[in-house]
Amino acid sequence: MLIAGPDTRVVELRVHGVQGTTPQTLVDAVAAVDVAGDGLGRIVRPADRLRRPAPGPVLQTEGRPIPRVVEGYLWGGMTSGGVAKATWALLFPFSIANVAHWMLPPVPERNLPAHLLGIGLRSLLRVFALLLTALLVAQISVVSLDLLAAQCLRPGTACLTSIPADVRTFPWFRTFLGLLPIVVVIAVMRRVSHVEWRIERKAIADAEEQEKQPASGLPGAHVATDPDTPALRSLHVVTSLAVTALIALGGPLKQLTATGGMGVAITVAWIVSLVLIGVSVLGVLLLDDPTGGAPHRGGRWLRAALGRKPRRLLMVFSVLLVLTTLGLQEQLPLRVPGADVTVQVVALLMAFVLVLFGLMLLPAALLARGTWKSLPRELRPWAGGWFSAPVLAIAGLLGGGFGAGVALPVRKALGDGLRLPAGYEYITLLWGVAGALALLSTFAVASFTGAVRWRAFRKGKVWAREASLLHSGRMRDLRTATRAWWWARWERNHGHHMILIIASVLVVGAVLATVLRVQNVPLGSWAVFSAFGVFVLGLLAVSLLRAVYLAARQPESGRRLGIIADIAQFWPREAHPIVPPCYALKVVPELVARVQDHLRDPGTRVVLCGHSQGSLLVAVAAARLLEELPAHDRERIGLLTAGSQLQWAYPRAFPAVVPHASLARLAGGLDGRWRALCRGTDPLGGAVTTWRRQVFDGMLLGVGYREDGSEGALAPALRGPTGALVLGGDHWLPDPQRGPFPGRRWRSGVSAHSDYTSDPEWDRAVAIAAGLLQVDAPESPSLPFARRPEARSRDALGGS
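Residues numbered from 1 in each chain as written. Predicted model: local features only at pLDDT ≥ 70, side-chain atom pairs only at ≥ 80, totals over all residues. Heavy atoms only, no water.

Undergrad: Can you help me understand the packing of aromatic side chains in this one?
TA: How two aromatic rings sit relative to each other is given by the distance of their centres and the angle of their planes. Under the counting rule described, the total for this entry stands at 13 aromatic pairs. Taken together, a centroid distance of 6.2 Å and an interplanar angle of 25 degrees make the contact between F532 and F535 stacked. Pair noted here: F532 and F535 are both in helix α17 (residues 527–553), with a separation of three residues, about one helical turn. Positioned above the aromatic ring of Y756 is the side chain of R679, whose terminal nitrogen or guanidinium carbon lies 4.0 Å from the ring centre. (Phe/Tyr/Trp six-rings, centres within 6.5 Å; stacked < 30°, edge-to-face > 60°. Helix = DSSP H or I, 4+ residues; strand = E, 2+ residues; numbered from the N terminus. Lys NZ or Arg CZ within 6 Å of the ring centre and 35° of its normal.)

Undergrad: What am I meant to see in a negative patch on the surface here?
TA: Among the surface-exposed residues, E635, D671, E707 and D708 lie close enough to one another that they form a single negatively charged patch. Position of D671 relative to the elements: it lies in the loop between α23 (660–670) and β9 (674–678). Here D671 falls in the partly exposed class, since its relative accessible area comes to 43%. (Patch = residues over 30% accessible without salt bridge, like charges linked within 9 Å, V, L, I, M, F, W, Y side chains within 5 Å. Areas by Shrake-Rupley, 256 points an atom, 1.4 Å probe, with all protein chains shown as cover. Salt bridge = Lys/Arg side-chain N within 4 Å of Asp/Glu carboxyl O. Lys, Arg positive; Asp, Glu negative; His and termini not counted. Charge placed at Lys NZ, Arg CZ, Asp CG, Glu CD. Buried < 20%, exposed > 50% of the residue type's maximum accessible area, 1.4 Å probe, protein only.)

Undergrad: Quick question: what am I supposed to make of the state of the cysteines here?
TA: Between two cysteines, a covalent bond joining their sulfur atoms is known as a disulfide. Overall, the coordinates contain one disulfide when judged by the stated rule. One disulfide bridge connects C152 with C159, the sulfur atoms lying 1.9 Å from each other. Disulfide C152 to C159: torsion about the S-S bond roughly -80 degrees, handedness left-handed. Each member of the pair, C152 together with C159, is buried. (Disulfide = S-S within 2.5 Å.)

Undergrad: Just to check I follow, could you spell out the environment of S662 for this structure?
TA: For S662, the location among the structural elements is in helix α23. On the accessibility criterion, S662 (1% relative accessible area) is buried. With 443 residues separating them along the chain, S662 and P219 place their C-alpha atoms 5.2 Å apart. If sequence neighbours within four positions are ignored, S662 has contacts with G217, L218 and P219. (Contact = heavy atoms within 4.5 Å.)

Undergrad: Hey, could you run me through unusual backbone geometry in this one?
TA: When glycine is set aside, most residues are seen to have a negative phi, and most peptide bonds are trans. Cis geometry is found at the peptide bond from D735 to P736, where omega equals 10 degrees. Despite not being glycine, S612 shows a phi value in the positive range, around 55 degrees. Tracing the backbone through its elements, the reader meets S612 in the loop between β7 (604–611) and α20 (613–628). By relative accessible area, S612 is classed as buried at 5%. We note that R692 has phi near 50 degrees; this positive angle belongs to a residue other than glycine. Considering the arrangement of structural elements, one finds R692 in strand β10 (residues 690–696).

Undergrad: Where do I start with the packing of helix α6 (residues 173–194) against helix α8 (residues 229–248) in this structure?
TA: Helix-helix packing is characterised by the crossing angle of the two axes and by the distance between the axes. Viewed as axis vectors pointing N to C, α6 and α8 meet at an angle of 175 degrees, and their least axial separation amounts to 10 Å. Comparing their axes, α8 and α6 come out roughly antiparallel. From α6, L179, I182, I186, M189, R190, S193 and H194 reach across to α8, where they touch R233, V237, S240, L241 and T244. Residue composition of the contact of α6 with α8, grouped by class: six nonpolar, four polar and two charged. (Axes fitted to C-alpha atoms, helices over the stretch in contact; angles between N-to-C directions. Parallel < 35°, antiparallel > 145°, perpendicular 65-115°, else oblique. Nonpolar A, V, L, I, M, F, W, Y, C, P; charged D, E, K, R; others polar.)

Undergrad: So what exactly am I meant to see when it comes to the side chain of T604 here?
TA: Within the fold, T604 resides in strand β7. Under the relative-accessibility criterion, T604 is labelled buried at 0%. Of the polar contacts made by the side chain of T604, one reaches the side chain of R9; its length is 2.9 Å. Those residues in contact with T604, other than ones at most four positions away along the chain, are R9, V11, H598, L599 and R636. (Polar contact = N/O pair within 3.5 Å; in protein donor to acceptor, adjacent residues only side chain to side chain.)

Undergrad: Would you mind going over the sheet that holds strand β3 (residues 42–46) with me for this structure?
TA: Each strand in a sheet pairs with its neighbour through backbone hydrogen bonds, running either in the same direction (parallel) or in the opposite one (antiparallel). One open sheet accounts for 10 strands, arranged β2-β3-β6-β1-β7-β8-β9-β15-β14-β13; its pairing is mixed. Because the sheet does not close on itself, it has two edges, and the strands there are β2 (32–37) and β13 (718–719). The sheet contact formed by strand β1 (residues 9–15) and strand β6 (residues 68–74) spans six bridges and is parallel. Bridged to E12 within β6 is V70. (Pairing = 2+ DSSP bridges.)

Undergrad: Hey, could you run me through the sheet that holds strand β12 (residues 711–713) in this one?
TA: With antiparallel pairing, three strands are arranged side by side in an open sheet as β10-β11-β12. Edge positions in the open sheet fall to β10 and β12, since each of these has one partner strand only. Neighbouring strand axes in the sheet, compared pairwise and without regard to direction, differ in orientation by 15 degrees on average.

Undergrad: Is there a simple way to think about the side chain of R311 in this case?
TA: Along the chain, R311 falls in helix α11 (residues 308–328). Although R311 is buried, it forms no salt bridge, and the closest oppositely charged side chain is D228 at an N-O distance of 7.9 Å. Side-chain polar atoms of R311 contact the backbone oxygen of L306, separated by 2.7 Å. Aside from chain neighbours lying at most four places away, what touches R311 is P230, A231, S234 and L306.

Undergrad: Help me out: how do you make sense of the pattern of salt bridges in this one?
TA: Pairing of side chains with opposite charge becomes possible as their charged atoms draw close. Here the structure, examined in full by the defined rule, presents 21 salt bridges. Among the ionic pairs, E466 bridges to R489, the shortest N-O distance being 3.8 Å. Taken as a pair, E466 in helix α15 (residues 465–470) and R489 in helix α16 (residues 475–518) lie far apart in primary sequence, 23 residues in all. Take E466: its relative accessible area is 11%, and that puts it in the buried class. With a relative accessible area of 26%, R489 lands in the partly exposed category. Two residues, D755 and R747, come together in a salt bridge whose shortest N-O distance is 3.4 Å.

Undergrad: It is not clear to me how a nonpolar patch on the surface should be interpreted in this structure. Could you clarify?
TA: A cluster of nonpolar side chains, namely L313, V316, F317, V319, L320 and L323, defines an oily patch on the protein surface of about 540 Å² accessible area. For V316, the position within the fold is in helix α11. What makes V316 partly exposed here is its relative accessible area of 44%.

Undergrad: Sorry, what's going on with helix α9 (residues 260–286) here?
TA: Side chains of residues three or four places apart in an α-helix project in the same direction, reflecting 3.6 residues per turn. If you check α9, its first and last C-alpha atoms are 40 Å apart, about what 27 residues at 1.5 Å a residue would give, namely 39 Å. Of the residues making up α9, those classed as buried are G263, I266, A269, W270, S273, L276, I277, S280, G283 and V284. (Expected span 1.5 Å × (residues − 1).)

Undergrad: Just checking my understanding: could you explain the pairing of β2 for this structure?
TA: For a regular strand, the rule is simple: side chains alternate between the two faces of the sheet. Of the strand pairs in this sheet, β2 and β3 are connected by five bridges, and their pairing is antiparallel. Residue pairing across strands places V33 opposite R45, the latter belonging to β3. Connecting β2 to the next strand, β3, in antiparallel fashion are four residues, including G39 with a positive phi near 100 degrees.

Undergrad: Honestly, the confidence of the model for the chain in this entry has me stumped. Any pointers?
TA: Segments scoring low in pLDDT should not have their predicted coordinates read at a detailed level. Per-residue confidence for the chain gives a mean pLDDT of 85; residues scoring 70 or more make up 88%. When the criterion is pLDDT under 50, residues 290–296 qualifies, and its contacts beyond four places in sequence or with other chains add up to 10 contacts. Below a pLDDT of 50 lies the segment residues 787–800, which in the model reaches 32 contacts outside its immediate sequence neighbourhood of four places, other chains included. (pLDDT = per-residue confidence, 0-100.)

Undergrad: Mind showing me how you'd approach the pairing of strand β11 (residues 699–705) here?
TA: Bridge analysis of β10 against β11 gives five bridges, and the strand direction is antiparallel. Each residue of the ladder has a partner; that of T690, found in β11, is G704. Where β10 hands over to β11, the hairpin turn is made up of two residues, of which D697 adopts a positive phi near 55 degrees. As judged from the three bridges shared by β11 and β12, these two strands associate in the antiparallel manner. Bridging from a neighbouring strand, V703 pairs with A713 of β12. Following β11, the chain reverses through five residues before pairing antiparallel with β12; G709 in that reversal takes a positive phi of roughly 95 degrees.

Now the structure itself:
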């Protein structure tokens, strides 16, 4: 541990979690002012009455008070705020498909079968993502080309009577009006895929050079931009335009018929559409060789074929194809049969790819099992490393459901005389069956959970023995905490099971609807489920559109909607390029640059503090700092996480990106300067550096990371002056707090996942992370209470 000198100061750099926050809340001040950043990534400090940066409260240590500077990094503006970011929620199925890529199991080194399976799985993911884009375009074509242009605007109908009959018969009017919304949506998707964040104070070339370095084994080492993203983006846009032309020309199975030169032109355009789609599918299948640009690799030919000029040429051909299709369609037919056929063909192809993906994922997960089989069960990946498959299924079914959910209200608004394609009846059946199963599953889960909870409390079973140590002598707080501990533990242990249940009920509904559709079974006996499916789909579409509207008009709603984006947008574009930009690629380099700026002062020590999702950001930033800084500077950085998911969620959902071994290496590199604040009442955060905890003879024991980087049994937990129990790197906070303490901010009641900085243990953890306090120092005297604790109470372990 470095000895503090007379010029020592501590910089506490805080990063918030999901939903964003205000600058004042982040730095615990009545006013805050920006001191750096570009408006999207803002670095703020507390401000005085003249709006000048003010120093933070001093940090009390064993020797003397140490000056402290409190800074906060605000990144909420990257995921919410404004109409443009609000509409990103409409890309939620695309984002889920992209996240599924990062959930793949790790590929063991020197294992050829695992390596080949990994290549195949990534290729299938990209094909599925391409089909998901094609499905969206096909469903928009159903609404725009079929419902609106072909049926509603044909001459002689009573739909939209404000449009005169002469206008309806005007050549190319209906075709143009039907194709225009589709092209606009494709242009918007292309625009979204081009949005990138500008990194402040770090050259992009340097960042790209570092991404080419071999993986370090630290958390987030693989979170980097994919050089193939521009090519994937172009292939998705080409496919969208080609599918649009193909639908207007009759669909993938049968083209429109005409005589003479018109028939030849239709045939040529139809074939060109299929060729462009085939080229796109082949491209996304092969774009998976990061070293393909090397002269001795065959992949360099693929990269040359998908370079900037060839991509532009493909885009020009696709646009000309749509214009040619418009010229060939002087008047639309009464119905557009290609829309229904395309939707069904794309859906069947997606189902085939999903089944193949699940079958290939099984052996890949089994081959990767060696990387985690020695871990305790509570640390192993969810679903044995197979969690990517149900997440991908949810992405596909949500994408299809949203398109159908939009078509149903549009048909109702335009008139009851309009008819949706026959395949949509089976989509409503799918969601009707899934909705019914979801209700039954919810009732069963709620009943079972309630029964287990009632039986446990009726028999007086102690679910949270740690709470008895934290609230010794405070029976009222113990009763409140025990109930909160039970619910929080249930949510952490079974949250992924709920995702599996959702995927299961959707898949069951999809299988049933597919079987009935293939056999052309009439839906008379299933009318109740179809009607319920119409309600579910309408509710899905209206709720999402309403949320987008409110997010654009009301900032508070925008932050709530930002939860979706905050979680999904952490991951770079890999499987699906038409997703919002990854904010981690901007936040992490700017955090690293800010820390390096502070470390230029030899007396400064920096503690990176992250809450919830921010804990993942600061962990990745700390890992990058350990890679870049010299040894004498690495000793001056520390890490503090609060309400973190770095044990129970991220290593289990993303075993290849944030594996348990990478967290152990990070803990060893920080040499005991990684502190984690956790509450048993927090349903979203939990322990980070310890596991297999148990209470024995009035002591909290467990296994965890040691300061030397090894793992093993830890010394019994020590009680801090504020009542917290410190086991390894985890600081278990009493919730409700044991105070109030004089001179400190107080928060009453159960805090759960919020306001970790209100606990006085926060300052002590910062001092330990800064290397100013020893963890195994003699037990500190308790802080004086502003009110006397309850007397004559006895906890479950016999404490008084």
